[in-house]
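Architecture at a glance
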Amino acid sequence: MKANVGGIDRILRIVVGLALLAVVFVGPQTYWGLIGLVPLATGAIGFCPLYPLLGLNTCGSGKS
């Protein structure tokens, strides 16, 4: 797995993931907030499985 998620993209994924995950504990308290695990995980590992299918790469160096 090569890293394909760049710096800004990574930060945004983690922030959005944490915000969605917070919905489980505050606000409407529905389990739909668990969808936040997806952007949180892809931001943490730096790889998005959908990006190669779409031909995208926001990681400038393409390091692994």
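Before reading on, note that the structure itself is shown above.
As a starting point, this report considers the structure included with it. (Residues numbered from 1 in each chain as written. Predicted model: local features only at pLDDT ≥ 70, side-chain atom pairs only at ≥ 80, totals over all residues. Heavy atoms only, no water.)

**Quick word on the environment of Gly60**
For the record, the criterion: Runs of E in the DSSP output that reach at least two residues are strands. Runs of H or I that reach at least four are helices, and both are numbered from the N terminus.
By the element assignment, Gly60 lies in the segment after helix H3 (50–54). Taking C-alpha positions, Gly60 is 8.7 Å from Val5, a pair spaced 55 residues apart along the chain.

**Examining the side chain of Arg13**
Formally: By definition, residues are in contact when any of their heavy atoms lie within 4.5 Å.
Mapped onto the elements of the fold, Arg13 is located in helix H1 (residues 7–22). Here Arg13 is in contact with Val5, Pro39, Leu40, Thr42, Gly43, Cys48 and Tyr51, once residues within four sequence places are set aside.

**Here's the deal with the environment of Cys59**
The condition is simple: In this scheme, a residue with accessible area under 20% of its type's maximum is buried, one over 50% is exposed, and one in between is partly exposed, where area comes from a 1.4 Å probe on protein chains only.
Along the chain, the position of Cys59 falls in the segment after H3. For Cys59, a relative accessible area of 10% corresponds to the buried category. Setting aside anything within four residues of it in sequence, one finds Cys59 in contact with Ala3, Asn4, Val5 and Gly6.

**Here we look at a nonpolar patch on the surface**
Rules: Patch criteria: residues need more than 30% relative accessible area and no salt bridge. Like-charged residues are merged within 9 Å; nonpolar side chains of Val, Leu, Ile, Met, Phe, Trp and Tyr are merged within 5 Å. Residue exposure ignores everything except the shown protein chains as possible cover, and the areas themselves are Shrake-Rupley values with a 1.4 Å probe. Salt bridge, as applied in this entry: a Lys or Arg side-chain nitrogen positioned within 4 Å of an Asp or Glu carboxyl oxygen.
On the surface, a cluster of nonpolar side chains totalling about 410 Å² of accessible area is made up of Val16, Leu20, Trp32 and Ile35. Locating Trp32 in the fold gives a position in the loop between H1 and helix H2 (37–45).

**Observations regarding the pattern of salt bridges**
Inspection of every chain in the model, using the stated rule, returns 1 salt bridge. Among the ionic pairs, Arg13 bridges to Asp9, the shortest N-O distance being 3.1 Å. Of this pair, Arg13 and Asp9 are both found in helix H1, 4 residues apart, which corresponds to roughly one turn of the helix.

**Remarks on the packing of aromatic side chains**
In plain terms, the rule: When two rings of Phe, Tyr or Trp (its six-membered ring) have centres within 6.5 Å they constitute a pair, described as stacked for plane angles under 30 degrees, edge-to-face for angles over 60, and tilted for the intermediate range. Whether a charge sits over a ring comes down to the Lys NZ or Arg CZ being within 6 Å of the ring centre and within 35 degrees of the ring normal.
Throughout the structure, instances matching the rule amount to 0 aromatic pairs. Stacked on the ring of Tyr51, the Lys or Arg Arg13 has its end atom at 5.0 Å from the ring centre.

**Some points on the side chain of Thr42**
Within the secondary structure, Thr42 is located in helix H2. Of the residues examined, Thr42 reaches a relative accessible area of 10% and is grouped as buried. Setting aside chain neighbours within four positions, we find Thr42 in contact with Val5, Arg13, Phe47, Cys48 and Pro49.

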